[in-house]
Amino acid sequence: MKRYLLLLLSLTFTISQVQAQHKIDQSKNDLKQKRQAAGKTGSASSSSSSSSSSGNNDNPLLFELFMYTLGATFKYGIIGDYANEDHLSNDLTEYPYYEGTGNYYNPKFGEGYLYVFRVDVKDKFLYHNNNLYGNHLDVKIHPFRHFYLTTDYYQLHERQKAAGTSDNLSLFYFNFAYDRIRFERFNLGWTLGASYVGNDVKRGGFAYGLNAEYFLKKNISFQGSAKWSVINGEPVNAFELETRIHRKQFFITLGYEHLKIATPTYNFMTIGAGVYF
């Protein structure tokens, strides 16, 4: 009985290891497959949308109410009311804790707006085990007062010990970003853009996400973000949680990242560093 249990445990462990060692290959194969059903769904949705639009034309009052609700949601929910929300006028700091606050601060009376062009660069090592690891480079460029641009570059590496080979996967996100809430110690925003998987996949898709950061008084902050995307009918999502320890314009980070690329999921412990300039 003991031998049987040991054999079963050994077999289960071997199967799980083999499955874990082919995640990247499976992700790439899933993303390269063409989904015929997607086209059918799209045609059905287009026909239903056309019928609903014709219905809206038949009911101008209902259509007007819908457009008003959509506009109010966009203004108050996504952009904000600049006339009544004072935090939206907070200015970007040169780097967190430079003004004793986080990413934003409330300028003194009569000081006026001080233009700040800031670039945030962060690089993290991703570790699952000795056979599956990677790197995540994150760059944020603030060329405007209220909007900024973000780029994420993931490079994943997986070794196949049995075959003596390795697999690589490159994942990119290119996003337009806006912070809807700009408190002095907390900011929350959304992103909108595109995702792209390189290597032999070479496919992209629409992407959107959320991000937030909370700043303590002791040069420590907690940051989290989520990005959702679909490429060729398959999910390509990225979630991260991290703690940042700030020292002037530099910081180190420890955290966790979860990726879902098509069917496989990836979980990494992370360590890295960054700079604001």
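On a predicted model such as this, the values are computed, not experimentally measured, just so you know. Sequence order as written defines residue numbering, which begins from 1 separately in each chain. Where local features are concerned, this predicted model is filtered to residues with pLDDT of at least 70; where side-chain atom pairs are given and counted, the filter is 80 or more; whole-chain, interface and lining totals use all residues. The basis for the side-chain values is all heavy atoms of the structure; hydrogens and waters are excluded.

**Section: the nonpolar core**
Counting 20 residues, the largest nonpolar core has Leu31, Leu156, Leu171, Leu259, Ile261 and Tyr266 as the members making the most contacts within it. A run of H or I in DSSP becomes a helix once it reaches four residues, and a run of E becomes a strand once it reaches two; helices and strands are each numbered from the N terminus. Secondary structure elements with two or more residues in this core: α2 (23-32), β5 (147-160), β6 (165-182), β10 (234-247), β11 (250-261) and β12 (265-276). With three residues, the top contributor of residues to this core is β6. The definition of a nonpolar core used throughout is a set of buried Ala, Val, Leu, Ile, Met, Phe, Trp, Tyr and Cys residues joined through side-chain atoms within 4.5 Å. In this scheme, a residue with accessible area under 20% of its type's maximum is buried, one over 50% is exposed, and one in between is partly exposed, where area comes from a 1.4 Å probe on protein chains only.

**Digging into the confidence of the model for the protein**
Think of pLDDT as the predictor's per-residue confidence, scored from 0 to 100. Residues with a pLDDT of 70 or more make up 78% of the protein, whose mean pLDDT is 85. By the convention used here, residues are in contact when the closest approach between their heavy atoms is within 4.5 Å. Here residues 4-20 is a poorly scored stretch, pLDDT under 50, and it has one contact once near neighbours within four places are set aside; other chains count. Note that residues 48-56 has pLDDT below 50 and, in this model, one contact with residues that lie over four places away or in other chains.

**Concerning the pattern of salt bridges**
We define a salt bridge as a side-chain nitrogen of Lys or Arg found within 4 Å of a carboxyl oxygen belonging to Asp or Glu. Evaluation of the coordinates by the stated rule reveals 15 salt bridges. For Asp200, the salt bridge is made with Lys32, and the minimal N-O distance between the two is 2.8 Å. Here Asp200 is found in the loop between β7 (186-197) and β8 (203-215), whereas its partner Lys32 is found in helix α2, with 168 residues between them in sequence. Judged by relative accessible area, which is 28%, Lys32 ranks as partly exposed. Between Asp138 and Lys122 there is a salt bridge whose closest N-O contact spans 3.7 Å. Taken as a pair, Asp138 in strand β4 (residues 132-142) and Lys122 in strand β3 (residues 118-129) lie far apart in primary sequence, 16 residues in all. A cluster of three or more residues bridged by salt bridges with shared partners is formed by Lys122, Lys124, Asp138, Lys140, Glu213, Glu240, Glu242, Arg244 and Glu257.

**Focus on the pairing of β3**
Strands are labelled as partners when DSSP assigns at least two bridges between them. The pairing of β3 with β4 spans eleven bridges and is antiparallel. Among the inter-strand pairings, Val121 is bridged to a residue of β4, identified as Val139. In this antiparallel pair of consecutive strands, β3 and β4, the connection spans two residues. When β3 meets β12, the two strands line up antiparallel, connected through eight bridges. Pairing of Tyr127 across the sheet is with Met269, part of β12.

**Thoughts on the sheet that holds β8**
Taken in spatial order, the ten strands close into a barrel running β3-β4-β5-β6-β7-β8-β9-β10-β11-β12, and their pairing is antiparallel. Each strand of the sheet is rotated relative to its neighbour by a mean of 20 degrees, with strand direction disregarded. In the packing of α2 onto the sheet, contacts are made with β4, β5, β6, β7, β8, β9 (220-231), β10, β11 and β12, and the angle to β6 comes to roughly 70 degrees. For every element, the axis is a line fit to its C-alpha atoms; helices are fit only across the contacting stretch, and the angle between N-to-C directions ranges from 0 to 180 degrees.

**Things to note about a nonpolar patch on the surface**
Each patch is assembled from residues with relative accessible area greater than 30% and no salt bridge, linking like charges that lie within 9 Å and nonpolar side chains (Val, Leu, Ile, Met, Phe, Trp, Tyr) that lie within 5 Å. We get accessible surface area from the Shrake-Rupley algorithm with a probe of 1.4 Å; when it comes to residues, only the shown protein chains can shield them. Taken together, the side chains of Tyr113, Tyr115, Phe117, Ile141, Leu149 and Phe176 define a hydrophobic patch exposed on the protein surface, amounting to about 560 Å² of accessible area. Looking at the element boundaries, Tyr113 is found in the loop between β2 (104-105) and β3.

**Quick notes on the environment of Pro264**
Mapped onto the fold, Pro264 is located in the loop between β11 and β12. Pro264 sits in the buried class, given a relative accessible area of 6%. For the pair Pro264 and Asp25, spaced 239 residues apart in the sequence, the C-alpha separation amounts to 9.7 Å. Beyond its immediate sequence surroundings of up to four residues, Pro264 is in contact with Lys23, Gln26, Ser27, Asp30 and Leu259.

**Considerations on α2**
All of the buried residues along α2 are Lys23, Ile24, Ser27, Lys28, Asp30 and Leu31. In a view along the axis of α2, the buried residues occupy a sector of 160 degrees, so they form one face of it. Note that the arc is defined by the directions from the helix axis to the C-beta atoms.

**Let's talk about the pairing of β8**
One ladder, built from twelve bridges, connects β7 with β8; its direction is antiparallel. Residue pairing in the sheet places Phe186 in a bridge with Tyr214 of β8. What sits between β7 and β8 in their antiparallel hairpin is a turn of five residues, with Asn199 showing a positive phi close to 55 degrees. Summarising the sheet, β8 and β9 pair through nine bridges and their orientation is antiparallel. Bridging from a neighbouring strand, Phe215 pairs with Ser221 of β9. Here β8 hands over to β9 after four residues, with Asn219 in that stretch at a positive phi of 60 degrees.

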